[in-house]
Structure formats: C-alpha cells, structure tokens
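Chain by chain, the residues:
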Amino acid sequence: MRSILKLVPGPRAALAAVALSVCSVLAHASVRVGGVDYDSANDFAASLGLKTFWSKPKETLVLNSEWTRLELTADSREVRLNDIRLLLGDATVMSRGELQLSLTDQNLFLGPILSARRVQGAVPGARTIVVDAGHGGKDTGTLNSKLGLQEKNFTLAVARELRRQLEGAGFKVVMTRDSDTFIPLEDRPALAKRVHADLFVSIHFNAIGIPSIAGAETYVLTPRGQHSTGADGSQPSDNQLNPGDSFNPWNSILGYRVHKHVVTDLKSFDRGLKRARYVVLRELSCPGILVEGGYLTNDAEARRINTADWRARLAKAITDGIVEYRDVLDQARGK
C-alpha cells in the first residue's frame with residue numbers, strides 16, 4: 001500500500017484532502033483498532049524502499065537502508081529515527097502477526113520526514129520567517145528564582161540572535177516582538193498571516209517541578225483525529241480541524257530537521273519531537289514549530305542558557321535545521 005496526502009490551502013479543503021487520503025487506502029488497511037486505521041509497517045517500509053527486520057522479535061521492528069534506521073516498538077508511541085526520538089500520534093499495534101502503523105502517522109508524520117516527495121500539491125516557500133520570542137512584558141514565562149532567571153529574557157535574546165543568523169543565511173525575518181513587550185498569543189500567528197510568512201518558529205524554555213529533568217523538545221501541531229503527546233487519552237479538541245492542519249506534513253519535516261540539530265549540535269538530552277495544539281501552532285497559515293530549548297528549573301542547564309555562547313549555538317542549530325528544511329523543499333520541487 002502507498003498513500004499520498006494532497007496538500008491544499010484552506011481548512012475545509014484540508015479536511016477534504018485528509019478524507020480523500022484516508023478513503024483511498026481504507027481498502028488496503030490491515031486493521032482498525034480503537035477507531036484508528038492502521039496498515040502494515042512492512043508495507044510502509046516497502047513503499048519507501050526500506051528493508052525490515054526484528055531486532056527484538058515481536059517487540060522492536062527496524063526499517064533500514066544505507067542512510068536510514070527507523071526503530072518502531074510494539075504498543076508504543078515512541079520511535080527512533082537515526083537515533084533521534086520522535087513521538088507518534090497513535091501507538092503501534094501488533095495484529096495478524098505484523099506490526100501496524102497508523103495511517104495518519106504514515107501520511108502526515110513519518111512518510112513526509114522520510115520522503116518529502118510523498119506529499120503532493122504545492123510545496124511551501126522558505127523565504128520569510130516569523131521568529132516568535134515567547135512570553136514578554138507582564139508574562140515572564142518560566143522562572144528560576146534561585147538564579148534570578150526569567151524565560152522571557154532568554155527567548156528574546158535567542159530570537160534576536162536567530163534573526164541575525166537567518167538573515168545571514170539569506171532569509172527575511174519578521175519578529176513578533178523585539179523588546180520586553182506583552183503580545184497576546186493569538187496575535188503571533190496573526191502576524192505570520194499578515195506578512196505572508198513561509199514558516200514560523202516560536203522560542204521557549206521549559207520548567208517542571210523535578211529539578212533533575214533537562215533537555216530539549218520540539219513541538220509540531222497535533223493532526224486532527226490524534227491526541228497530543230502530553231494527553232493520556234482522547235480530548236474533545238482531537239476532532240477539531242485547525243488552520244495549521246493544512247501544513248501537517250511540512251510541519252513534521254521542519255520539526256524533525258530542527259530538532260535533530262538542536263539535540264545533536266548542543267548535545268542536549270533528547271526529549272523528543274512532540275505534538276501539541278498550542279495556539280501559536282494551530283492558528284498558523286504556514287508551517288511552524290515551537291522549540292523548547294531547555295529547562296530553567298534545572299540549575300546546570302539554566303546556567304548554560306544564561307550564557308551568550310550557548311544561546312548563539314542554539315540559534316545556529318535552529319538555523320541549520322531551517323536551511324536543511326529549505327533544501328528538502330527544493331528537492332521536493334525537483335531542483
């Protein structure tokens with residue numbers, strides 16, 4: 001089986017495209033579990049020219065080639081692609097003696113990441129980038145009170161450095177804020193629409209009540225019909241179609257390329273490429289991601305974030321990921 005999602009511009013058209021894509025493969029779907037349509041991971045691998053073998057019988061299936069190693073674990077949402085952690089929207093299942101992968105994850109997530117040419121329709125541009133420094137003004141974001149650190153200051157510092165590096169790489173950059181100003185969440189994707197942005201990058205830093213936790217994670221929009229990474233089960237919002245759903249395949253490609261560089265280049269603990277329906281992602285009129293660069297509640301990581309050198313390296317990693325994304329788009333156009 002081989003399924004390709006057509007990319008279309010508007011929410012209603014996007015819904016039609018998703019419906020057509022799913023309908024086109026239902027006849028070949030191996031199994032339906034819990035309202036989710038699955039197909040064989042072996043068939044998915046074959047459609048991409050990948051070979052398969054069990055590294056742990058009936059537990060870990062490896063899809064591989066000379067350049068690719070994708071590890072799928074039975075009954076899990078976690079996968080490893082070339083040693084980078086990714087979180088699926090639906091857990092894999094074992095059925096009829098084969099590992100099954102949801103069609104949504106095949107069409108909107110893993111398939112596009114592995115081959116952008118699987119995505120039919122117009123290829124987005126990569127010229128104008130909106131860089132969003134999270135929080136600002138009265139909204140301090142996360143804190144490390146012991147060290148006197150506020151997230152809003154670091155998001156702005158990274159955003160400014162990211163602008164400098166992106167402009168040096170030939171991109172046009174628009175900032176959602178360039179000072180310590182409060183910007184409502186809805187205004188951030190609205191700006192991207194107003195300036196006809198080609199992509200959107202939101203910068204953040206994390207916090208949690210467990211000081212030992214550290215690392216970087218990157219978020220893309222949760223596709224319609226799936227539940228977000230942080231959700232234990234289905235939510236009412238799962239079935240809502242959002243403007244950003246028009247770009248799910250491209251979100252996945254962008255997210256993977258950037259996340260790979262952030263965790264590899266900075267040697268950060270890999271917390272994964274994840275899914276969420278944050279306002280700044282779901283209301284977008286272009287592909288977009290949200291990068292959580294580290295944890296301010298981890299003192300060691302917070303001290304690194306508090307250095308200009310580390311922030312410049314984070315900006316460089318994001319820039320390198322975006323440059324790779326631009327190259328992938330060129331390849332998808334046949335350049």
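Please read all numbers here as calculations on a predicted model, not as lab measurements.

**Let's talk about the overall build of the protein chain**
Piece 1. Within the protein chain, the regular secondary structure consists of 9 helices and 19 strands.
Piece 2. Taken against the 2.2 N^0.38 rule, which gives 20 Å for 335 residues, the C-alpha radius of gyration of the protein chain at 19 Å falls within 12% of a compact globule.
Piece 3. The buried share of the protein chain, reckoned over its 335 residues, is 55%.
Piece 4. For the protein chain, the proportion of contacts with a sequence separation of at least 24, taken over those separated by at least 6, is 71%.
Piece 5. With an accessible surface of roughly 14100 Å², the protein chain has 50% of that area assigned to carbon and sulfur atoms.

**Some points on helix H9 (residues 308–332)**
Piece 1. The first and last C-alpha atoms of H9 sit 36 Å apart over 25 residues, in line with the 36 Å expected at 1.5 Å per residue.
Piece 2. Of all the residues in H9, the buried ones are Trp310, Arg311, Leu314, Ala315, Ala317, Ile318, Thr319, Gly321, Ile322, Tyr325, Val328 and Leu329.
Piece 3. Against strand E12 (128–133), helix H4 (151–168), strand E16 (199–206), helix H6 (248–265), strand E19 (288–295) and helix H8 (299–305) lie the buried residues of H9.
Piece 4. A positive backbone phi angle near 85 degrees is found at Gly334, which sits one or two residues after H9.

**Let's talk about the sheet that holds strand E2 (residues 31–33)**
Piece 1. Spatially, the 4 strands line up as an open sheet ordered E2-E3-E10-E9, and their pairing is antiparallel. This sheet does not close on itself; its edge strands, each paired only once, are E2 and strand E9 (93–95). Adjacent strand axes in the sheet meet at a mean angle of 45 degrees, parallel and antiparallel pairs treated alike.
Piece 2. Relative to the sheet, helix H3 (residues 103–114) contacts strand E3 (36–40) and strand E10 (98–102), its axis offset from that of E10 by approximately 60 degrees.

**Looking at the nonpolar core**
Piece 1. Among the nonpolar cores identified, the biggest contains 64 residues, and Leu86, Leu110, Val201, Phe205, Ile318 and Ile322 are the most heavily contacted of them.
Piece 2. With 9 residues, the single largest contributor to this core is H9.
Piece 3. Each residue touching Val201, except ones within four places of it in the same chain, is listed here: Ile129, Val130, Val131, Asp132, Leu162, Ile289, Val291, Ile318 and Ile322.
Piece 4. Grouped together as the second largest cluster of nonpolar side chains are 14 residues, Val130, Ala276, Cys286 and Leu290 included.

**Considerations on empty space enclosed by the protein**
Piece 1. Applying the stated rule across the entire model yields 3 cavities of 30 Å³ or more.
Piece 2. There is about 40 Å³ of room inside the second largest cavity.
Piece 3. Lining the second largest cavity, in full, are Leu108, Phe109, Val220, Leu221, Pro223, Asn248, Asn251, Ser252 and Arg275.
Piece 4. Secondary structure elements with two or more residues in the lining of the second largest cavity: H3, strand E17 (216–221) and H6.
Piece 5. Looking at the lining of the second largest cavity element by element, the count peaks at 3 residues for H6.
Piece 6. Among the residues forming the lining of the second largest cavity, the class breakdown is 5 nonpolar, 3 polar and 1 charged.

**Concerning the packing of H4 against H9**
Piece 1. As a packed pair, H4 and H9 sit with axes 9 Å apart at the nearest point and diverge in direction by 50 degrees. One finds that H4 runs oblique with respect to H9. Of the two elements, H4 crosses H9, and the hand of that crossing is right-handed. From H4, Phe154, Ala157, Val158, Glu161, Leu162, Gln165 and Leu166 reach across to H9, where they touch Arg311, Ala312, Leu314, Ala315, Lys316, Ile318, Thr319 and Ile322.
Piece 2. Considered class by class, the residues forming the contact of H4 with H9 number 10 nonpolar, 2 polar and 3 charged.

**Here's the deal with the layout of surface pockets**
Piece 1. Approximately 300 Å³ is the volume attributed to the second largest pocket.
Piece 2. Surrounding the second largest pocket, 15 residues form its lining, Ile113, Leu114, Ser115, Ala116 and Arg257 being those nearest its centre.
Piece 3. Elements with a minimum of two residues in the lining of the second largest pocket: H3, H6 and H9.
Piece 4. A per-class count over the lining of the second largest pocket returns 8 nonpolar, 4 polar and 3 charged.

**What to know about the packing of aromatic side chains**
Piece 1. Counted under the stated rule, the structure contains 3 aromatic pairs.
Piece 2. Here Phe154 and Phe205 contribute two aromatic rings whose centre-to-centre distance is 6.4 Å and whose plane-to-plane angle is 80 degrees, an arrangement assigned as edge-to-face. A residue pair is termed long-range when its members are at least 10 positions apart, and Phe154 in helix H4 and Phe205 in strand E16 qualify at 51 residues. You'll find Phe154 and Phe205 in the same group, each marked buried.
Piece 3. Ring centres 6.4 Å apart and planes at 50 degrees place the aromatic pair Phe205 and Trp310 in the tilted group. Residue Phe205 is located in strand E16, and its partner Trp310 is located in helix H9; the two are separated by 105 residues in the primary sequence.

**Thoughts on the confidence of the model for the protein chain**
Piece 1. Residues of the protein chain with pLDDT of at least 70 account for 91%, and the chain-wide mean is 91.
Piece 2. Contacts for the low-pLDDT stretch residues 1–27, under 50 throughout, to residues beyond four places or in other chains number 54 contacts.

**Notes on the packing of H6 against H9**
Piece 1. Viewed as axis vectors pointing N to C, H6 and H9 meet at an angle of 145 degrees, and their least axial separation amounts to 8 Å. Of the two possible hands of crossing, H6 and H9 adopt the one that is right-handed. Counting all contacts with H6, which are made through Trp250, Ile253, Leu254, Arg257, Val258, Lys260, His261, Val262 and Asp265, the residues of H9 involved are Arg313, Leu314, Ala317, Ile318, Asp320, Gly321, Ile322, Glu324, Tyr325, Val328, Leu329 and Ala332.
Piece 2. When the residues that make up the contact of H6 with H9 are grouped by side-chain class, the tally is 13 nonpolar, 2 polar and 6 charged.

Parameters and conventions
All chains use their own residue numbering, which begins from 1 and follows the written sequence. Under the rules for a predicted model, residues below a pLDDT of 70 receive no local features and side-chain atom pairs below 80 are neither given nor counted, while totals for whole chains, interfaces and linings still include all residues. As a rule here, side-chain values cover all heavy atoms of the structure and leave hydrogens and water aside. The numbering of helices and of strands both runs from the N terminus, where a helix is a DSSP run of H or I of at least 4 residues and a strand a run of E of at least 2. Both definitions apply: the radius of gyration is a C-alpha atom measure, and the globule rule equals 2.2 Å times residues to the power 0.38. Exposure is judged per residue with a 1.4 Å probe applied to protein chains only, and the accessible area is read against the type maximum: over 50% gives exposed, under 20% gives buried, and values in between give partly exposed. By definition, residues are in contact when any of their heavy atoms lie within 4.5 Å. Surface accessibility in these figures is a Shrake-Rupley result with a 1.4 Å probe; residues are shielded only by whichever protein chains are displayed. The length a helix should cover is 1.5 Å for every residue beyond the first. Two strands make a pair as long as DSSP finds a minimum of two bridges between them. With axes taken as lines fitted to C-alpha atoms, and helix axes fitted only over the stretch in contact, angles between N-to-C directions fall between 0 and 180 degrees. Here, the term nonpolar core denotes a set of buried Ala, Val, Leu, Ile, Met, Phe, Trp, Tyr and Cys residues that are joined through side-chain atoms within 4.5 Å. Site definitions follow a grid-based scheme: protein atoms alone, a 1 Å grid, a 1.4 Å probe that fits but cannot get out for cavities, and for pockets an open set with protein on both sides within 12 Å along at least five of seven lines, plus lining residues having an atom within 4 Å of a point. Grid points are joined across faces, edges and corners, and a volume is the space filled by probe spheres set on the points. Amino acids outside the nonpolar list (Ala, Val, Leu, Ile, Met, Phe, Trp, Tyr, Cys, Pro) and the charged list (Asp, Glu, Lys, Arg) are all regarded as polar, and Gly is one of them. The scheme is simple: roughly parallel for angles under 35 degrees, roughly antiparallel for over 145, roughly perpendicular for 65 to 115, oblique for anything else. Each crossing gets its hand from how the near helix is turned against the far one by less than a right angle, where anticlockwise is left-handed and clockwise is right-handed. Classification of ring pairs uses Phe, Tyr and Trp, with its six-membered ring standing for Trp, and accepts pairs whose centres are within 6.5 Å; under 30 degrees between planes counts as stacked, over 60 as edge-to-face, and the remaining range as tilted. Looking at any residue, its pLDDT shows the predictor's confidence there, from 0 to 100.

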